[in-house]
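Topology and contacts: notes
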Amino acid sequence: MGFDTSRSNVAYNDLVIVFMGHDSMLPVTVKQGEITQTKFGALKHNELVGHEFGAKFNCTKGWVYILQPTPELWTTTLPHRTQILYAPDIAMITFQLELKPGSVVCESGTGSGSLSHAIIRTVAPTGHLHTVEFNQDRYEKAGVEFENHGLSKNVTIYHRDVINDGFPVENAADAVFLDIPRPDEALPQAAKALKSSGGRICSFSPCIEQTQRFCALLRRPGSGFRDVETIEIVRKSHNVKRVNIPVADIGLGNPEVKQHVLSDKGPLNYAYETGDDLAIGHVIVRTNQEAGKPCKPPKRQKVENVDSQESNSEASGNVQQKKGPEDKGYTAPSATKFGYSFRTCIAPKEIYGHTGYLTFASYCPEVCLDLDWCQ
Ligand SMILES: C[S@@+](CC[C@H](N)C(=O)[O-])C[C@H]1O[C@@H](n2cnc3c(N)ncnc32)[C@H](O)[C@@H]1O
């Protein structure tokens, strides 16, 4: 059992993911009489049996969730034997290789099996993954994991060097994936494995020189490949912050100059006083003429402190947001004596998190021949 079940309750020999927090999960195989120690106390396996996946489980010093494994949870909890691929790259690979139930896929190397689990889920129940690993220990451990996770009918692992010995199938694969140090040297083997009627290839490489060599080979006339594209997936986080936009002083201090509020339907006829609430879409204009008969500004709301996250913001200074009726779910720009205070998204100046370059191409030798337009 593991990844391919629709059973909703835990049984012996199940792999379960013990969730103690988003950055604290543990894969556990449920065995009769065994106990696993967690930071929330002992987890008696016998008591897990019959428990519903996803429900809370009480331990001696707290509680955990017992989750059914998925390829994504396995990726975050698996024992690392190599560098592994993570969900953002895996999602792009699955999409760009056009994998679906029934697809036949060749992969090398298997490594820790992180990508393999996601491929197997996508091609099941009728497709197959042929995965090639030349390291004896990794080959054996991945084989045992596939077996224990109940995936054997959709995957075969081979102990061989893909560059010298190639993939185990010819003219049969819908897609080939390479995550090895010299992908260009495995390209002839990949082409042999792909269906001559067409298929997709992807190589993952952390190194730009390898990527360039691989692309050059794909683009060589007569290679049979076209639509070569390299992308890099980098997660970009945006921080929600409060920022102040100062208002230019164009005549404050001049008794002739008045501030008025302008809406999209024209000027509102009351004089604006510093600190008054502004509705969504209203702006302040300054004029040395009355906009109409001055009337009283809307009744002031109770002034509340902005939440602690905002008051930590270096940009927020001592801004206070007055909560008005339009504040629910949206914070209107508010005027302060410093200017306007906005909530906005700020992208980091530098983006970290390079994992590797993903190069994709289509294989279509019967169409491409030696034609230039294919490249
Ligand atoms: C970075 S790991 C792959 C990680 C894998 N994609 C994952 O998500 O877990 C690369 C693996 O390729 C294997 N490898 C390297 N060259 C190979 C070759 N010529 N034939 C077969 N396997 C190879 C290595 O032993 C290693 O386990």
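What counts, and at which threshold
Residues numbered from 1 in each chain as written. Predicted model: local features only at pLDDT ≥ 70, side-chain atom pairs only at ≥ 80, totals over all residues. Heavy atoms only, no water. UniProt positions renumbered as here; feature names shortened; annotations may be inferred. Buried < 20%, exposed > 50% of the residue type's maximum accessible area, 1.4 Å probe, protein only. Contact = heavy atoms within 4.5 Å. Helix = DSSP H or I, 4+ residues; strand = E, 2+ residues; numbered from the N terminus. Polar contact = N/O pair within 3.5 Å; in protein donor to acceptor, adjacent residues only side chain to side chain. Near = heavy atom within 4 Å. Areas by Shrake-Rupley, 256 points an atom, 1.4 Å probe, with all protein chains shown as cover. Axes fitted to C-alpha atoms, helices over the stretch in contact; angles between N-to-C directions. Parallel < 35°, antiparallel > 145°, perpendicular 65-115°, else oblique. Left-handed = near helix turned anticlockwise from the far one by under 90°. Nonpolar A, V, L, I, M, F, W, Y, C, P; charged D, E, K, R; others polar. Pairing = 2+ DSSP bridges. Core = buried A, V, L, I, M, F, W, Y, C linked by side-chain atoms within 4.5 Å.

1. What about the UniProt feature "binding site: S-adenosyl-L-methionine" (unreviewed entry) in the chain?
With numbering matched to this structure, UniProt assigns "binding site: S-adenosyl-L-methionine" (unreviewed entry) to Ser 112, Gly 113, Ser 114, Leu 115, Glu 133, Asp 161 and Asp 179. A residue is classified by how much of its surface remains accessible, and Ser 114, at 3% relative accessible area, is buried. Filtering out sequence-adjacent residues up to four positions away, Ser 114 remains in contact with Thr 75, Leu 78, Ile 84, Leu 85 and Ile 90. Looking at the secondary structure, you find Asp 161 in the loop between β9 (155-159) and α6 (162-165). Setting aside anything within four residues of it in sequence, one finds Asp 161 in contact with Phe 134 and Gly 166. There is a polar contact of 3.1 Å between the side chain of Asp 161 and the side chain of Asn 164.

2. Remarks on helix α3 (residues 87-96)
Those residues of α3 that fall on the buried side of the exposure criterion are Asp 89, Ile 90, Ile 93, Thr 94 and Gln 96. Among the structural elements, α2 (71-77), α4 (114-123), β10 (175-178), β11 (199-205), β12 (225-232) and β19 (357-363) are those in contact with the buried residues of α3. Glu 98 lies just past α3 and shows a positive phi near 60 degrees.

3. Some words on unusual backbone geometry
Residue Gly 109 is reached from Ser 108 by a cis peptide bond, and omega for that bond is -10 degrees. Among the structural elements, Gly 109 can be located in the loop between β7 (104-108) and α4. Here the residue pair Ala 124 and Pro 125 is connected by a cis peptide bond, since its omega of 5 degrees sits within 30 degrees of zero. Looking at where Pro 125 falls in the secondary structure, it is placed in the loop between α4 and β8 (128-133). A positive phi angle, near 75 degrees, is found at Asn 13, a position not held by glycine. Locating Asn 13 in the fold gives a position in the segment before β1 (15-21). Phi at Glu 98 takes a positive value of approximately 60 degrees, unusual for a residue other than glycine. Topologically, Glu 98 is positioned in the loop between α3 and β7.

4. Some thoughts on the site of the ligand
In the neighbourhood of the ligand, 24 residues make up the surrounding shell, with Glu 133, Arg 138, Asp 161, Val 162 and Asp 179 lying closest. Taking Ser 114, its main chain carries an N or O atom lying 3.2 Å from an oxygen atom of the ligand. Leu 115 is positioned such that a nitrogen or oxygen atom in its backbone is 3.3 Å from an oxygen atom of the ligand. In the complex, 92% of the free accessible area of the ligand, which totals 600 Å², lies under the protein chains. At the level of secondary structure, the elements contributing two or more residues to the shell around the ligand comprise α4, β8 and α6.

5. With respect to the packing of α3 against α4
α4 packs onto α3 with a crossing angle of 40 degrees between their chain directions and a minimal axis gap of 10 Å. Classified by the angle between their axes, α3 and α4 sit oblique to one another. Pair α3 / α4 crosses with right-handed handedness. Contact residues: Ile 90, Ile 93 and Thr 94 in α3; Ser 114, Leu 115, Ala 118 and Thr 122 in α4. For the contact of α3 with α4, the per-class residue count stands at 4 nonpolar, 3 polar and no charged.

6. Concerning the sheet that holds β11
Reading across from one edge, β9-β8-β7-β10-β11-β19-β12 is the order of the 7 strands in this open sheet, with mixed pairing throughout. If you trace the sheet from one side to the other, it starts and ends with β9 and β12, each paired once. Going across the sheet, the axis of each strand differs from the next one's by a mean of 15 degrees, ignoring polarity. Across 4 bridges, β10 lies against β11 in parallel orientation. Residue Leu 178 lies in a different strand from β11, and its bridge partner there is Ser 203. Taken strand by strand, α3 contacts β10, β11, β12 and β19, and its axis lies near 10 degrees from that of β19. This element, helix α8 (residues 208-219), spans β10, β11, β12 and β19 of the sheet and lies at about 10 degrees to β19.

7. Concerning the nonpolar core
Ile 93, Leu 97 and Phe 177 are the most contacted members of the largest nonpolar core, which totals 29 residues. Elements represented by at least two residues in this core include exactly α3, α4, α5 (136-148), β9, β10, β11 and β19. With 5 residues, the single largest contributor to this core is α4. Ranked by size, the runner-up nonpolar core spans 25 residues in total, among them Ile 163, Val 169, Phe 225 and Tyr 363.

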